[in-house]
Amino acid sequence: MNHIKRFCAAFLTLGLLALTGCTVQGSAAGSSSGSTLPEPDSTASMTLIGIALAGSAEGDDSLDGQAAELQTKLQDAGFSVEMAYAEGNGDTQSRQLNAMIEDECAILIVEAVDADAIDAALTSAGQAGISVLACGTSLDNSAVTCYVGTDYAAMGAAQAAYLVDALGLDDEDAGSDTYTLELVVGDTTADRLIYEGAMEVLDAYLTGGQLTIPSGQQSYEDVATADAADRMESLLTTYYSGGENLDALLTTDNDSCSAALTTLHSAYRGSVYPIVVGAQCGLESVQWLSDGYLAMTTLTPEVRYADQVLTQIRQIRSGETAEDYLATGETVTADNFLELLVDSGLYSVSLTGEVTEGASEETEDDTDTEEVPVVDYEAEDDLEGDSSEDE
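Residues numbered from 1 in each chain as written. Predicted model: local features only at pLDDT ≥ 70, side-chain atom pairs only at ≥ 80, totals over all residues. Heavy atoms only, no water.

Caption draft 1: Focus on the side chain of aspartate 253. Residue position: aspartate 253 is located in the loop between strand 8 (248-251) and helix 9 (254-267). For the buried aspartate 253, no salt bridge exists, and the shortest N-O distance to an oppositely charged side chain is 11 Å, to arginine 231. A polar atom in the side chain of aspartate 253 sits 3.4 Å from the side chain of threonine 252. From its side chain, aspartate 253 meets the backbone nitrogen of aspartate 255 in a polar contact 3.1 Å long. In contact with aspartate 253, not counting residues within four places along its chain, are Gly186, Asp191, Ala279 and Gln280. (Helix = DSSP H or I, 4+ residues; strand = E, 2+ residues; numbered from the N terminus. Buried < 20%, exposed > 50% of the residue type's maximum accessible area, 1.4 Å probe, protein only. Lys, Arg positive; Asp, Glu negative; His and termini not counted. Salt bridge = Lys/Arg side-chain N within 4 Å of Asp/Glu carboxyl O. Polar contact = N/O pair within 3.5 Å; in protein donor to acceptor, adjacent residues only side chain to side chain. Contact = heavy atoms within 4.5 Å.)

Below is the structure:
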């Protein structure tokens, strides 16, 4: 397909680049990261706030490493804080939330491990009149007052919009062409939101017949998996073993994207390479993007949890409607790969095409052609009978 040729051609020069730069920032919906921090009122010192975190105290994964900062800022504002780490276990987090409810926390700040596992605890919080602030991923429970994090549904919508454009589904001359699509989705709350955002856009094209899913696996329960490589292998073995073409593949996170592409790269037999879209890109995804096999992905933006949570607590305590803060991820393609990922300093591309995290340490003077890596070939002794020696 022409769109594949154009896409792959855009990456032919990436292996010759080594560039540097700055960071990607998120954007807000309804509030800004510069909001004034709340002033403690006369009852603030008597107010207990529970913070239920998904990760561990030893790691920096909880709230993207901002948990300690959030605790400090709350205490500096005059609040008492009860903090618990779920160690990645949803049942543990449910018990911790119930304990916070029994301790009569006025507000719960929740970084969920598993939305389903804590749903009953959140309902209990709502019945007790406790406000719940969801962080990281949104939670579908009436007790949740507001949300701070990334707009994952918008990420999915961006993926779908890219596929619609790349496949020309809205073109005037689209005709009756039908394109095949498969889904390899992660099993976290964020993955589900991305999936839902994408399917909301793609549903009309699936219903209209412009897109078809040969496997018939379309519901979240059918496509979500913790083992993307196994799912991709099953799809290829069952539905594409005879060389059938797969036109588009949608994945929802770095791990599922990389695993699916690795399997696709080794086992796909079709004559047309699919347009692969991803989200929440990491190092592996960026490498696939640089090599020309991943068409687009999205950057998960930086979110200032401490500042936003404090702003929302102020709104709750003053009787205002607490507003969500939704950071929108940047869409990354061949057209803006260098600007967003390399010039920004998030990643570097070596002269051999290897992608690494962080800005390159090389200066412009260091990238002289004499420094280009070459194969170190050591010649063996001259072959016997070389007539040039005899002469």
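From this point, the narrative continues.
Caption draft 2: Region of interest: the pattern of salt bridges. Inspection of the entire model under this criterion finds six salt bridges. With its nearest N and O atoms 3.4 Å apart, the salt bridge here joins lysine 73 to glutamate 69. Highlighted residues: lysine 73 and glutamate 69, both in helix 2 (residues 67-76), separated by four residues, approximately one helical turn. Residue lysine 73 is classed as partly exposed on the basis of its relative accessible area of 23%. Salt-bridge contacts for arginine 304 lead to glutamate 69; the nearest nitrogen and oxygen are separated by 2.7 Å. Highlighted residues: arginine 304 in the loop between strand 10 (297-299) and helix 11 (305-317) and glutamate 69 in helix 2, separated in sequence by 235 residues. When its relative accessible area of 25% is taken as the criterion, arginine 304 is described as partly exposed. Three or more residues joined by partner-sharing salt bridges are found here, namely Glu69, Lys73, Glu302, Arg304 and Asp307.

Caption draft 3: Layout of the nonpolar core. Ranked by size, the top nonpolar core spans 28 residues in total, and within it Met232, Leu264 and Leu341 carry the most contacts. Looking at this core, the elements with two or more residues in it are helix 8 (228-239), helix 9, helix 10 (283-291), helix 12 (337-342) and strand 13 (347-349). When sequence neighbours within four positions are dropped, the list of residues in contact with methionine 232 reads Val184, Leu246, Leu249, Ala260, Thr263 and Leu264. (Core = buried A, V, L, I, M, F, W, Y, C linked by side-chain atoms within 4.5 Å.)

Caption draft 4: Focus on helix 4 (residues 119-127). Of all the residues in helix 4, the buried ones are Ala121, Leu122 and Ala125. Looking down the long axis of helix 4, one finds its buried residues gathered within 100° of arc, a one-sided arrangement. Away from its buried face, by an angle of more than 90 degrees, helix 4 presents the exposed residues Ala120 and Gln127. Buried residues in helix 4 make contact with helix 3 (90-102), strand 3 (107-111) and strand 4 (131-136). Where helix 4 terminates, the next one or two residues include glycine 129, which has phi positive at roughly 80°. (Arc of directions from axis to C-beta.)

Caption draft 5: Quick look at the sheet that holds strand 7 (residues 211-212). The four strands are arranged 7-6-8-9 in an open sheet whose pairing can be described as parallel. Each end of this open sheet is capped by a strand with a single partner; those strands are strand 7 and strand 9 (275-277). Where strand 8 lies against strand 9, three bridges are found, and the strand directions are parallel. The residue of strand 9 that forms the bridge with leucine 250 is valine 277. On top of the sheet, helix 5 (residues 152-167) reaches strand 6 (179-184), strand 7, strand 8 and strand 9; it is set at about 165° to strand 9, its chief contact. Lying on the sheet, helix 9 is in contact with strand 6, strand 8 and strand 9; it crosses strand 8 at an angle near 150°. (Pairing = 2+ DSSP bridges. Axes fitted to C-alpha atoms, helices over the stretch in contact; angles between N-to-C directions.)

That's the geometry; what it means functionally is another story.
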